[in-house]
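So you can see what is in the structure, the chains are spelled out below.
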Number of protein chains: 2
Amino acid sequence: MSIMETPCEVEKGRINCRIARNNRSNAELEEYEMLQARPRGVQPAEDPSALSVVDVKMYNDLNKADHHTEKYDNPNLIVRRGQEFTIGIVFRRPYNPQTDNVALEFVIGSNPSPTKYTLITVSLGKSDQPSSWKGRILETGDNETKVGITPAADSIIGLFSTYVTIITEVMKKRTKRTSQTDFYVLFNPWSPSDQVFMANENERQEFVLNDAGVIYSGVINNLVKRPWSYGQFKHGILDACLFVLDFGGMPLQYRGDVTKLIRTASAMINSQDDDGVLVGNWSENFSLGTAPTAWTGSAEILLSYAVQGGVPVKFGQCWVFAGTFNTLLRCLGIPARVITNYSSAHDNMGDLRTDIILDEDGRVDDNLTVDSIWNFHCWNEVFMQRSDIPAVYSGWQVVDATPQETSDGYYRCGPTPVKAIKEGELSYQFDASFVFAEVNSDVVFYKQDRYGRTRLVSTNTTYVGQLIVTKSVGSTEPEYITDNYKYPEGSPEDQTTMKRATALGMRRFRTTQPDPDVLLQLQASQQNNYNISLIFLFTNLSKETRTINLALTGKVDFYTGSTRSVFKFFTQSVTLDPLQAKQGTLIVTADEYRAFVQGQPFLSFVMYGLIQETSMYVTDMEVIHLDVPPLSVEVSGELKVGEDMFVTVKFTNTTDTDLNDVTLRMEGTGLLPVKVKTYSQISKGSTVKWIESVTPQLPGPKLLLACLDCTFIRNLCGQVDVFINPDSQDD
Amino acid sequence: MSIMETPCEVEKGRINCRIARNNRSNAELEEYEMLQARPRGVQPAEDPSALSVVDVKMYNDLNKADHHTEKYDNPNLIVRRGQEFTIGIVFRRPYNPQTDNVALEFVIGSNPSPTKYTLITVSLGKSDQPSSWKGRILETGDNETKVGITPAADSIIGLFSTYVTIITEVMKKRTKRTSQTDFYVLFNPWSPSDQVFMANENERQEFVLNDAGVIYSGVINNLVKRPWSYGQFKHGILDACLFVLDFGGMPLQYRGDVTKLIRTASAMINSQDDDGVLVGNWSENFSLGTAPTAWTGSAEILLSYAVQGGVPVKFGQCWVFAGTFNTLLRCLGIPARVITNYSSAHDNMGDLRTDIILDEDGRVDDNLTVDSIWNFHCWNEVFMQRSDIPAVYSGWQVVDATPQETSDGYYRCGPTPVKAIKEGELSYQFDASFVFAEVNSDVVFYKQDRYGRTRLVSTNTTYVGQLIVTKSVGSTEPEYITDNYKYPEGSPEDQTTMKRATALGMRRFRTTQPDPDVLLQLQASQQNNYNISLIFLFTNLSKETRTINLALTGKVDFYTGSTRSVFKFFTQSVTLDPLQAKQGTLIVTADEYRAFVQGQPFLSFVMYGLIQETSMYVTDMEVIHLDVPPLSVEVSGELKVGEDMFVTVKFTNTTDTDLNDVTLRMEGTGLLPVKVKTYSQISKGSTVKWIESVTPQLPGPKLLLACLDCTFIRNLCGQVDVFINPDSQDD
């Protein structure tokens, strides 16, 4: 049950039912409010010379251009806090600042209170008073007076209602609430006094105003670029984002605080605990909803959630949670980006260790191995000032909406300063130790012997968190941001970080056993015919002969590193002369693994070798992401506002199997709503082509993208960037 | 839906279904485990000279006395971690350390793993190996070998199963699981290496082993001492406490970490979000359950929750949450106490301000006043080392299980170091700023004028958090611990704390307006005839005449400070000569308020004065807790084990109203289970007497307590401490 549904009855003595949590029910202020006693029911006589309001103009176009909100497909005014906007008040007679007493009242929520900043009164004229929002008269014409209103730099964000109130000695008379004068207040990265201020205009364009992007997946050696339509300006999305906060029961009075807002939102994007937006599903059965790999963007998800009044949408995995969260953040004006951490350690709270347990033969024991290393994991970063912890930790903050294993049973993460992760300062709120483990865990290999005794085999300190990337500003190329999170492995700064972190309770496994005198390096690559070539290189550092009993486990993995099936186990003995380096090759044919691959095609190989002479061990592991046939998206036609153009999505099944129940999804950011087509079969060797015609309404750069999804192939998308020219007749 | 019910299906790819979260389903290890290949189905031939196990002795009495666990009414062994206990293994032939290979295996949860410390193998004899738990042979007799086992100092706590395993070249042969060799591991405040180590034996006796206590309520000038039976040793309570963790889905692998365990438990004691133990109810309608004021202790609550398999128990308010949480903490071996903060600020996140809004006449405007000051609020403190934040913050930590308003929508609080509150170091996890506001908020009075403009009237910086108390060690007298939380108001250290806190985002209201030149002090006291005497003292500091228009609001409040009803509004004008002090008196008769009082009898008075000459304001407020007739508990008889004794609970209705639907509850810690009696009416002037006979089973100090509850009188308890002598025949 979400909090907003808590029955008020049992809460009565706690007063909190009066805390407004819903932006869909702003209070209506009374039209007439008597200031002197007067018999009930007697309407005040209208004084023909009295001031009265004929119209209130919100100057949408002017204000929206000033406030960088013109892209929102929304009929109401949208402004950013801490920045002036213009309201025009048309009176029946000219306004006289010396004698007339006029106030603007702005209301949010059902129990507006001046001390909670949910009822803001800005006075004009003689009865001036301090207010958190500033007002000034810009221009007084015959009948229209233009007023400049500046919401406080820390104002609550959301939908406010506007009242113009004329105050006389005996009464207040207000305009009636009309949705036309409702307006949205958003965060303001353009304002230096805002908690989310961002100085660089290119960065603001990217992290606040870019409504499309790419999310990286795949593996370190084979980055897969998945296009994603954030769609934060699409019709209904702003209201849907506010609905998420409403449904999460977030008190309106706290909605000006970025930290609190994103912490609530990170819990609300996933459905765990609170009927949030997205249901996670890491199985292979998505028959009750849409496969996480099939989505082209966030808008479809957020709209479905809001339209159905809070029914969680099926299904998400990490990039869907991160993509949807990114839309909410950018939509509300918080600079945000999606990042990808390759080889991300999970299920790992409070120690810096991911355990892999081998059985006596060197085979990965999937029953005993509980931890996993996700091949990749996506989360969000937001750019903000932190006021609740020392100022040095301002800047990019990790927030993560994917429901994870957390020891304390709730599903949210962050904001955590990226800088605190780098420095190992894990005692500051929120959840730093969890993020630290994701990028810094060691992989520890154990072997369990016949007596049930586990023995440490080897430790890999570099495998986890090898690469952290995000989309570059202004391009879809990756920006490598590993250095934001980590000092170089083994550097003095890295050692200081590790020392600090372990002093704060992170348990790091450190062995006292000497390093083995043989090195092992495993490399895997996909060949054109879908076979996998494995090269393992042994280097004997000793001046004696070494004999190695090696064991290789080949597995098909989920992207979470969890084993789907083991398809190969191979053992061999290798003898090395003193100081010899020796290379072995093993070809794994497509036939060996094909039957086991489904979904995102991750194959992982774990190699283990026992050095007979020293009874020591060497290990290495490698993950590859199989290439899949491409999905092409092309456009033809005039690419001009008002002219028909054609989008062609094309796919040729070059795999050696028929594809069944294939879903194709197409979306154009600012161009085309989501369209879905299904094919019961795309047989081996055949090609499908889907052509849609579009008539662009707005000029500028647009992204067209499509994703293909079926049980056999997941995470396959294509995209094309287009520029729509203005209608020539307008020139 | 609690986490343990999450269907595994959709989680498959995330592996976390294998994370054991339930201590009621320990894995059964196989009786025979082949170490060499052997045709299926062929049972190993029994070698008559082979070692085999006849019996495993847990030495309950010996071990429980050593481990301070003999008070638990539980048939199984209970030990504390980091301390050795003795197990006896009876073999069919003598054990030979040189040739026999024996291991003890201890298992917790359904997926025991050596790397998660849920499967611990302690080897005896030839194949020794390092283990987090230590084992040694204490004594080898003819057939019985006594083994000393020391669980790791950071061991998981909970119920472990014991296996004795004999290992030969070809197989392992284990004893079968039997509940007789299951044993509990608890936290160990007696062990210097434990996170909950407490050096002082008197403190350990109080904060871990005392199963009864008092919880303070009432108001600062009239502390009400409510007895509470923690009952952590009662039959079934230890299992109920582990059930709470199970039902909260807390992974077993984290249950050795005190910080994580209490954070989970603080969320699970209340039913919000997670179907936890207690349903909060602050209304006056408790017809669907037991009134929070009616409980005599925690055992009834925890047992009901566990027996019904996780159905939240109705109803709780803060002392019930704190009392029940205290039972869980002490039961698991964590030093804990219940504390009471008088005038506790609430609904107050991120600013240090509680707003009271007066209307134009000086009447408290209950519609606009959203914040509240609880007359008292109870929470828990636990004593522990913090390893996740700098070590200086170890010691007493605040944890609070009462569901509060939190900005981020979840209901848990802490652990927060008391020291961090005192120093204003609010950036360390967890929830420090919330606790800081509870004890440090300023009360800010506003007045709203006819134009809807709010004007600051005055600020009271000392009202909130005036007094913090807990039960003293070894007595029921209060220990005043305000100094643990706060430096003296206005001292240089206090100013440093406030500066630090405001630098970390706490917003403190500071006015630039000068202090008024008139002082106001309000005092309220109950007289013998239930009338209230109000004394207000004005002191004119100026050398001019001052005329004050004063307004007094008299209200009946809930204990949460929320208004139940306003019964009096009184205005008067007072003129003061230069430098004159003048005292006024007002008698509020019982007739004026009687009809409005229900439940806990809190009356509050807010006085406000406008100084005509300066247009400045003075304010003061005072809360009183009405005295109620006493409930007496007396014993008669021999007070000896095995002899009948009698408990008499007596109540005379000296109020001037008939009491209807009265519930009486009686409980004796270690003496008498909870007994409940109801009276349809106790008429004005009449006396009820309830006598129960008891035959004590165990000697030592005991507490007998009773509570009376009805709509008109709540929070009325009586108690008597008795000492039961041992049975003389035993001497």
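This text goes with the structure placed above it.
Below is a summary of the structure that appears in this document. (Residues numbered from 1 in each chain as written. Chains lettered and ligands numbered in written order. Predicted model: local features only at pLDDT ≥ 70, side-chain atom pairs only at ≥ 80, totals over all residues. Heavy atoms only, no water.)

Scanning chain A for helices and strands turns up eleven helices and 38 strands. The C-alpha extent of chain A, read off along each of the three principal axes, is 110 × 60 × 45 Å. Considering chain A as a whole, with its 731 residues, one finds that 62% of them fall into the buried category. When contacts within chain A are restricted to residue pairs at least 6 apart in sequence, long-range pairs at least 24 apart make up 69% of them. Surface accessibility of chain A: about 26,500 Å² in total, with carbon and sulfur atoms responsible for 48%. Averaging the coordinates of the 67 positive side-chain charges in chain A and doing the same for the 88 negative ones gives two points 3 Å apart. (Helix = DSSP H or I, 4+ residues; strand = E, 2+ residues; numbered from the N terminus. Buried < 20%, exposed > 50% of the residue type's maximum accessible area, 1.4 Å probe, protein only. Contact = heavy atoms within 4.5 Å. Areas by Shrake-Rupley, 256 points an atom, 1.4 Å probe, with all protein chains shown as cover. Lys, Arg positive; Asp, Glu negative; His and termini not counted. Charge placed at Lys NZ, Arg CZ, Asp CG, Glu CD.)

This part covers the sheet that holds strand S38 (residues 716-724) of chain B. All names here are of chain B. Spatially, the four strands line up as an open sheet ordered S35-S34-S37-S38, and their pairing is antiparallel. With one partner strand each, in any of the chains shown, strand S35 (672-682) and S38 form the two edges of the open sheet. The mean inter-strand angle of the sheet, taken between neighbouring strand axes irrespective of direction, is 15°. (Pairing = 2+ DSSP bridges. Axes fitted to C-alpha atoms, helices over the stretch in contact; angles between N-to-C directions.)

A word on the sheet that holds strand S4 (residues 85-91) of chain A. Residue and element names in this part refer to chain A. Read from one edge to the other, the open sheet built from four strands follows the order S2-S4-S8-S7, with strand pairing classed as antiparallel. Pairing within the sheet leaves two strands with one partner each, and these edge strands are strand S2 (53-57) and strand S7 (134-140). Averaged over neighbouring strand pairs, the angle between their axes works out to 25° when direction is ignored. In terms of strand pairing, S2 meets S4 through four bridges, oriented antiparallel. The residue of S4 that forms the bridge with Asp55 is Val90.

Let us now look at the packing of helix H3 (residues 237-247) of chain A against helix H6 (residues 318-332) of chain A. All names here are of chain A. At their nearest, the axes of H3 and H6 sit 10 Å apart, and the two run at 105° to each other. Classified by the angle their axes make, H3 and H6 are roughly perpendicular. Contacts from Ile237, Leu238, Cys241, Leu242, Val244 and Leu245 in H3 reach Thr327, Leu328, Cys331 and Leu332 in H6. For the contact of H3 with H6, the per-class residue count stands at nine nonpolar, one polar and no charged. (Parallel < 35°, antiparallel > 145°, perpendicular 65-115°, else oblique. Nonpolar A, V, L, I, M, F, W, Y, C, P; charged D, E, K, R; others polar.)

Inspection of the entire model under this criterion finds 57 aromatic pairs over all chains. Measuring from ring centre to ring centre gives 5.2 Å for Phe85(A) and Phe183(A), while their planes differ by 50°; the resulting arrangement is tilted. Taken together, the residues span a long stretch of sequence, with Phe85(A) in strand S4 and Phe183(A) in strand S11 (residues 183-186) at a distance of 98 residues. The exposure class of Phe85(A) is buried, given its relative accessible area of 0%. Among the aromatic side chains, those forming a connected cluster through ring pairs are Trp282(A), Trp319(A), Phe321(A), Trp374(A), Phe376(A), Tyr559(A) and Phe602(A). In this arrangement the basic side chain of Lys422(B) is found over the ring face of Tyr487(B), its NZ or CZ atom lying 4.6 Å from the centre. (Phe/Tyr/Trp six-rings, centres within 6.5 Å; stacked < 30°, edge-to-face > 60°. Lys NZ or Arg CZ within 6 Å of the ring centre and 35° of its normal.)

A word on the state of the cysteines. Applying the stated rule across the entire model yields two disulfides over all chains. Here Cys707(A) pairs with Cys717(A) through a disulfide, and the sulfurs are 2.2 Å apart. Its S-S torsion of about 100° marks the bond between Cys707(A) and Cys717(A) as right-handed, since a negative value means left-handed. Here Cys717(A) lies in strand S38 (residues 716-724) and Cys707(A) lies in strand S37 (residues 700-709), a separation of ten residues in the sequence. Given a relative accessible area of 1%, Cys707(A) falls into the buried group. We note that Cys378(A) lacks a disulfide partner, and the nearest cysteine sulfur, in Cys318(A), lies 4.0 Å from it. Distance from the sulfur of Cys710(B), which forms no disulfide, to the nearest cysteine sulfur (Cys717(B)) is 12 Å. Look at Cys710(B) and you get buried, because its relative accessible area is 2%. (Disulfide = S-S within 2.5 Å.)

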